[in-house]
Amino acid sequence: MDLKIGGRIVERRKAKGMTQEQLAAALGISAPAVSKWETDSSYPDITLLCPLARVLDTDVDSLLAFEEELSEEALGQYMTEIIGKAGRGCIPEAEEQLNKLLRRYPSNVSLKFSAVSALTFFEISDSACGKEDKARWTKRKKELCQQVHDSRHPGLILFAVSMLASLALAENDLDRAEELLKENPANTGDFTPLWVRLYLKRGERDKALGTVQRELYNLVGKVQSCLMSMLGEGIDLEQEKKLEVYHVLQRLDESFHVGGGLAGSVLAEAYLKEGDTGRALDYLEELADRLTRQQEPPNPLLFAPEIAPTPEKLKWSREFRQVILQGLKKDACFEPLRGQERFQALVGRLEESLEENAGKEGEQNVGYKD
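On a predicted model such as this, the values are computed, not experimentally measured, just so you know. (Residues numbered from 1 in each chain as written. Predicted model: local features only at pLDDT ≥ 70, side-chain atom pairs only at ≥ 80, totals over all residues. Heavy atoms only, no water.)

A. The overall build of the chain, seen in detail. A tally of regular secondary structure across the chain gives 18 helices and zero strands. The C-alpha atoms of the chain give a radius of gyration of 31 Å, which is well past the 21 Å a tight globule of 370 residues would have. Referenced to the eigenvectors of the C-alpha coordinate spread, the extents of the chain come out at roughly 100 × 40 × 40 Å. Contacts in the chain between residues far apart in sequence, at least 24 positions, make up 62% of those at least 6 positions apart. Put simply, the chain shows about 20,700 Å² of open surface, and 52% of that area lies on carbon and sulfur atoms. The chain carries 49 positive and 62 negative side-chain charges, and their two centres are separated by 5 Å. (Helix = DSSP H or I, 4+ residues; strand = E, 2+ residues; numbered from the N terminus. Rg over C-alpha atoms; globule rule 2.2 N^0.38 Å. Contact = heavy atoms within 4.5 Å. Areas by Shrake-Rupley, 256 points an atom, 1.4 Å probe, with all protein chains shown as cover. Lys, Arg positive; Asp, Glu negative; His and termini not counted. Charge placed at Lys NZ, Arg CZ, Asp CG, Glu CD.)

Spelled out as structure tokens, the structure:
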């Protein structure tokens, strides 16, 4: 947001932790005069601009909102120099260069984001630094993160929320940490480790474990979805690689009991293209076996009880099985199998399972999912 000079004075004064009275005393003027500046009722005398900038640890250009542009390329070069100096043990020099950049480009959100990373590097570098240095860097990181947060920059807001929450947790300000984490209700960017730290600091071990288990459940589903996409026709992997992907899916299913293990239908089609009807039938029989029995619940060792679907959701729905059955009967790719006894037997098994449930109601419209 573009602030008038009064707004910039307020912002810098608060960042320095000064009151209006303290700023007025430093400049040899009255507190009401500062109040008028900050409300844009009046403006500082030109002779006070330089002293005011020095007291607020900024420059006149920043107070008057004149700012050069900083390209991403130039920013990258500057940060490489700063990190290089810090890596060679010249942290004071690196810090001074960083502060000069921040004063020169006070509104550049990307610079503030990069500065937080640089300050973190200072903290973890091998160079000797005292408690006062670390306290100063932590305070500065908090200020910069808050400014990034307040900018609502779409690409950096989650970073700011995450860093501010982490700093709040380090200070045991648990209510503030929770407030920040709730700004990201969809857990975009994976705030799971921060939620776990929060719950553990509160002694809520069950909530911490449940949070990890729910995130694991979601991640397993995403991995399976990606692997299934790799088996699709559009990607067209070589047969040997498809088999490797399929076996990975099998091991995931065996370990987590999530997803239903339906990748075999994709491999059946692949084998049919190569004329290997025996292998194709093997996978289709496995598919029919899965669809005609209740699925295993998610591994209770790895997932919280509330994640486990109800018994009804562990059954493949009538509608879903009908779709699979119609595909087996009508899709052209299965034409070479339709005269074989094994194929007719597995189709018959699916038809019988549908007849058994023909009079039942209340089944879900899709196979089980979270």
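B. View of the layout of surface pockets. In this model, the second largest pocket occupies a volume close to 440 Å³. Taken together, 28 residues line the second largest pocket, and the ones lying closest to its centre are Met228, Leu262, Ala263, Ser265 and Val266. Counting only elements with at least two residues in the lining of the second largest pocket, the list comes to helix 13 (205–230), helix 14 (239–256), helix 15 (264–273), helix 16 (277–291) and helix 17 (318–330). Of the residues contributing to the lining of the second largest pocket, the split by class is 13 nonpolar, 10 polar and five charged. (1 Å grid on protein atoms, 1.4 Å probe; cavity = no way out; pocket = protein on both sides within 12 Å on 5 of 7 lines; lining within 4 Å. Points joined across faces, edges and corners; volume = space filled by probe spheres on them. Nonpolar A, V, L, I, M, F, W, Y, C, P; charged D, E, K, R; others polar.)

C. Highlighting the nonpolar core. Counting 39 residues, the largest nonpolar core has Met79, Ile82, Leu98, Leu111, Phe122 and Leu181 as the members making the most contacts within it. Secondary structure elements with two or more residues in this core: helix 6 (72–87), helix 7 (91–104), helix 8 (109–124), helix 9 (131–151), helix 10 (157–170), helix 11 (174–181) and helix 12 (192–201). Element by element, the count of residues in this core is highest for helix 10, at eight residues. Apart from the residues lying within four places of it in its own chain, the contact partners of Met79 are Leu98, Leu111, Ser114, Ala115 and Ala118. Membership of the second largest hydrophobic core comes to 37 residues, among which are Ala263, Leu272, Ala288 and Ile307. (Core = buried A, V, L, I, M, F, W, Y, C linked by side-chain atoms within 4.5 Å. Buried < 20%, exposed > 50% of the residue type's maximum accessible area, 1.4 Å probe, protein only.)

D. Seen up close, the side chain of Lys112. Checked against the element boundaries, Lys112 lands in helix 8. No salt bridge is formed by the buried Lys112, whose closest oppositely charged neighbour, Glu11, lies at an N-O distance of 5.8 Å. Here Gln147 takes part through its side chain, which lies 2.9 Å from a polar atom of the side chain of Lys112. Setting aside residues up to four positions removed in sequence, Lys112 forms contacts with Leu102, Pro106, Ser107, Leu144, Gln147 and Val148. (Salt bridge = Lys/Arg side-chain N within 4 Å of Asp/Glu carboxyl O. Polar contact = N/O pair within 3.5 Å; in protein donor to acceptor, adjacent residues only side chain to side chain.)

E. Structural detail: the side chain of Glu95. Mapped onto the elements of the fold, Glu95 is located in helix 7. We classify Glu95 as buried; its relative accessible area is 12%. Contacts of Glu95, omitting those with residues within four sequence positions, involve Phe122, Arg136 and Trp137.

F. Molecular detail of the packing of helix 16 against helix 18 (residues 341–356). Put simply, helix 16 and helix 18 touch, their axes get as near as 10 Å, and they point 15° apart. Judged by the inter-axis angle, helix 16 sits roughly parallel to helix 18. Here helix 16 runs over helix 18; the crossing is left-handed. Residues Gly278, Leu281, Asp282, Leu284, Glu285, Ala288, Asp289 and Leu291 of helix 16 form the contact with helix 18, whose participating residues are Arg342, Phe343, Leu346, Arg349 and Leu350. Of the residues belonging to the contact of helix 16 with helix 18, the class tally is seven nonpolar, one polar and five charged. (Axes fitted to C-alpha atoms, helices over the stretch in contact; angles between N-to-C directions. Parallel < 35°, antiparallel > 145°, perpendicular 65-115°, else oblique. Left-handed = near helix turned anticlockwise from the far one by under 90°.)

G. Just the packing of helix 10 against helix 12, in detail. Where helix 10 contacts helix 12, the axes come no closer than 10 Å and their chain directions differ by 20°. Relative to helix 12, the element helix 10 lies roughly parallel. Seen from above, helix 10 lies across helix 12 with left-handed handedness. Touching Ser162, Ala165, Ser166, Leu169 and Ala170 of helix 10 are Leu194, Arg197, Leu198 and Lys201, all from helix 12. Of the residues contributing to the contact of helix 10 with helix 12, the split by class is five nonpolar, two polar and two charged.

H. Representation of the confidence of the model for the chain within the structure. For the chain, the average pLDDT comes to 86, and 91% of its residues sit at 70 or higher. Scored below 50 in pLDDT, residues 361–370 shows 28 contacts in the model against residues more than four places distant or in partner chains. (pLDDT = per-residue confidence, 0-100.)

I. Summary view of helix 11. Residues of helix 11 that are buried include every one of Leu174, Ala177, Leu180 and Leu181, and no others. Seen from one end, helix 11 has its buried residues packed into an arc of 125°, which puts them on one side. Against the buried residues of helix 11 lie helix 9, helix 10 and helix 12. (Arc of directions from axis to C-beta.)

J. Region of interest: the packing of aromatic side chains. For the coordinates displayed, the defined rule picks out nine aromatic pairs. Ring centres of Phe256 and Phe303 lie 6.2 Å apart, and the angle between their planes is 50°; this geometry places the pair in the tilted category. With a gap of 47 residues between them, Phe256 in helix 14 and Phe303 in the loop between helix 16 and helix 17 connect regions that are remote in the sequence. Accessibility assignment for this pair places Phe256 and Phe303 in one class, buried. Three or more aromatic residues link up through ring pairs in this structure, and these residues are Tyr217, Phe256 and Phe303. (Phe/Tyr/Trp six-rings, centres within 6.5 Å; stacked < 30°, edge-to-face > 60°.)

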